[in-house]
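# Tertiary structure, described
Each chain, written out:
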Amino acid sequence: MTNYADKDHASLAEKFNVDEPRVNWHDETLWWVRVKRDKASKSLPEWELLRETASQIKNNVLSNLSEYLIQFEEEATRNGITVHWAADAKEHNEIVHGLLQKHGITRMVKSKSMLTEECHLNEYLQQQGIEVIDTDLGERIVQMRKEPPSHIVLPAIHLKKQDVSDTFHEHLHTEKGNYDPQFLTHAARLHLREKFLTGKLALTGVNFAIAETGEFVVCTNEGNADMGAHLADIHIACMGIEKLLPQRKHLSVFLRLLARSATGQPITTYSSHFKKPRKGQEMHVVLVDNGRSIQLGRKDFRNSLKCIRCAACFNTCPVYRRSGGHSYHTAVAGPIGSILAPNIDMKQYADLPFASTLCGSCSNVCPVKIDIHDQLYKWRQVLMKEGYGSTVKKMGMKGMTFTLSHPGVYHFAGNAGRWVLRNASFIVNNKLNPWYKQRDMPSPPEESFGEWYKKNRK
Amino acid sequence: MIVALFVPCYVDQFYPQVAIASLELLEKAGVEVVYPPKQTCCGQPMANSGFEHLANSCNELFINNFSGFDYIVCPSGSCTLHIKEHLHADKQEEKAGEIRRRVYELTEFLTDVLKIEQLNAKFPHKVGMHQSCHGQRGLRLSQMSELNAPAFSKPGKLLKMVEGLELVELDRVDECCGFGGTFCVAEEAVSVKMGKDRVEDHIKHGAEYITGGDMSCLMHLEGILRRQNSKVKVKHIAEILNSQ
Amino acid sequence: MNSRDKILEAVKSSQPDQRPLPQLQFESYNTTDAPTAFANVLGTIGGATHFVNSYDEIEEIICAEYTHAKRIITVCSQIKTGEVISSDIDPHSLEDVDLAIIEAHFGVAENAALWVTDALVPERVLPFITQQLAVIVKKEDILFTMHQAYERIGNMDYGFATFIAGPSKTADIEQSLVLGAHGPKTMRVFILLNA
């Protein structure tokens, strides 16, 4: 398992950038997903109205969350679903393990759930002797490679087909050097089909849960969630408490937005609505808090809980595209991850809100209109006030504040800087100056504008 | 009307010609322009680094320098946006509010307030327009490619008035250049990669000059161009609109 | 205090001030007729459409197109080809199904999705486990948008229901689209012109 301790985005991104052709490939691949999203969004004249509607529905959900949670529990229970509540990741993992133990099951198939990544469920279960098989193709690939996913929708986007081929050759004994995606996908189909057919317990995520009816919806292109759930004796669905929608009809808005925002498709192949367990089956929903109620209380950051995990913000982010998901050292990477993670652990994730130029593109593609770039700016203020900035940075900032608050000092500093560049540029143009590594310094003019104005206008 | 010219600190120190061009442009349009000499900086470098709470003295200085004018005009989208969104002062909030209402970026001032319809400018070159993010997405200087909304561009409208200027098309019309304030050194690798990609897009489409509304972006792109020994130059839009 | 109460209390004390639910005000703007639009979209997502006048026509096409299908399950009383299954079977026994022929309640033109509930399939896994899928839908049951779809669904009760749009697929390997991930590899839709 990759260890991210003591790693920050800047250092990890620097390593990522060593292989420039690979960065170009990663960047272009994800930009292409953004382009597909644009095609889809621009094909619907009512696109901006859909975003506004979705945003307002989610605002309503957050302002009535406790009531909707109670309603969902009531309806789901009436439907024959058992509802569990997990205050944190530990409780979530224990609940899942408890159900496995109760039925004496030691192997589980799992479809994509970012929540389970967040809770490190796989590691926990593996430590308890449970075999977890991720059935989403991208997730299965990274699972075999013992890596975390780098993107919440396209988990293996950082891998080339050669990488997949090598991995499958090692783990599935497929033909060495056969890079054909069709061939490799078929190999995975056969390998995982056997797991579905023998799987007694299936765990899925939840894209949307409906308070009104007590049902939940799981969206996939592969059909793996369904293959797992409809063959298993026990189906566990894990969801963050914020994934609720008030009424069934609201799905019309979200199912129109989700896939178009994520990949540019009009809808995922399957949008499965689970309302009651199959005859003879047990169906469980685990509602997970894990810091969400705290985020809900943060006035400036609660809107991040509207997220429907489409990853449109990842695909448009020029920094994500050129640093890769692993540089964020957290389950959910990218712009949305950078405003969710500090809520969980400010110390560990203090670097993330700074992994951005605040360009604002993310906020524009967000289907639920989360003000991501504004929240990145606000998290910076919180983190520095809480003392997570380095001493060097703090001193530098105090120095800058002093200089810029005193016109005399400012003019002196400016003059001095230009003098150095004109007469002793070696002081600045060297390895110690990060700007200078790959860029020339600007040419120092003889006089500043202020000086010119004094001579020419006053 | 009396307009105060707000000159970004790095323009004052390193690119005075941009401020001169801005001044001349406004004067040619018949505007009375004043340059408050004690101005320094809008405070954005501290604020974007998370030190908004240190910006009080900077804010006070700004308010002292820029109160009492009809408009404050600045040849930078990002500095203008910062003042518009973040200028506050406990003891002078009313004055701060006045300034926030009256501050304009140069091109939007020309199109929206002065309502310029023609310019006596000539720049017979192939030019690539770099859409600086804060100006575009923050001040709405031009339409954003992410939105399903009608196209428009205030700087674009002005550039069309310049004789001989040919605007080149780009693959990615509004991708960030990677400057991002202290990001340019704190995340040097990604910052430079983003800049290189922007530069490549312009060069690929035959641009002789890269222009934009923010000298900070252009300074970063220029640093890359010069390191590559490229013949392509950067030129702030004020200079182009003011060129004869 | 148990976790449920802890969570609910934390949520209730943190939730923001009331924000009202918006009205859903979306119109269908498509000018082409819905069945044609549906077929166009289905083509772009890897599925095939046949406009047919009778169930006999469907049977003919099935016989012609699925010559290698050894085990066919049909859940449509008007189609004679294929096996009929009861709802008591073990879902695992369907693992060797080559072709499943089912009906849909309705289709949605904007995304070529078909709404299928457990009222139309005796075993939930059937439309997923089969190697190939064929779906029959009536022309007048093709709507334009998802808003119309959910209006039509209304308070419909089901244990399980799904929208199926095209064959299963993945692009997880270097963004190369491959049809046939874990669900069916192909999908054919029969739009019945005369009920």
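Because the structure is predicted, anything quoted here is derived from the model rather than measured.

Here we take up the sheet that holds strand E3 (residues 99-103) of chain C. All names here are of chain C. The parallel open sheet is built from five strands, whose spatial order is E1-E11-E6-E3-E2. In this open sheet, the two strands that pair with only one neighbour each are strand E1 (48-52) and strand E2 (72-74). Strand-to-strand, the axes of this sheet are offset by a mean angle of 15°, without reference to chain direction. Bridge count between strand E6 (residues 132-138) and strand E11 (residues 186-192): seven bridges; the pairing is parallel. Paired with Val135 across the bridge in E11 is Val189.

For the rest of this paragraph, the subject is unusual backbone geometry. Of note, the phi angle at A:Asn290 is positive, near 45°, even though the residue is not glycine. A positive phi angle is found at C:Ala112, which is not glycine, with a value near 55°. Inspection of the secondary structure assignment puts C:Ala112 in the loop between strand E4 (106-108) and strand E5 (113-117). The exposure class assigned to C:Ala112 is buried, which follows from the 28 C-beta atoms found within 10 Å.

Right, let's talk about the confidence of the model for chain C for a bit. Here chain C shows a mean pLDDT of 95. Residues at 70 or above account for 97%. The ipTM for the predicted assembly is 0.97, set against a pTM of 0.96.

Residue and element names in this part refer to chain C. Across the five residues that make up E3, a large majority, five, are buried. Where E2 lies against E3, three bridges are found, and the strand directions are parallel. Counted as the bridge partner of Ile72 is Leu99 from E3. One ladder, built from five bridges, connects E3 with E6; its direction is parallel. Residue pairing across strands places Glu103 opposite Ile136, the latter belonging to E6.

Once that is clear, we can look at the domain arrangement of chain A. Examined at the domain level, chain A breaks down into domain 1 (1-43 + 310-389), domain 2 (47-290) and domain 3 (400-456). Distance between the C-alpha centres of domain 2 of chain A and domain 3 of chain A: 55 Å.

Quick notes on the rules
Residues numbered from 1 in each chain as written. Chains lettered and ligands numbered in written order. Predicted model: local features only at pLDDT ≥ 70, side-chain atom pairs only at ≥ 80, totals over all residues. Pairing = 2+ DSSP bridges. Helix = DSSP H or I, 4+ residues; strand = E, 2+ residues; numbered from the N terminus. Axes fitted to C-alpha atoms, helices over the stretch in contact; angles between N-to-C directions. Buried ≥ 20, exposed ≤ 12 C-beta atoms within 10 Å, placed from the backbone. pLDDT = per-residue confidence, 0-100. Domains from an automatic or database assignment.

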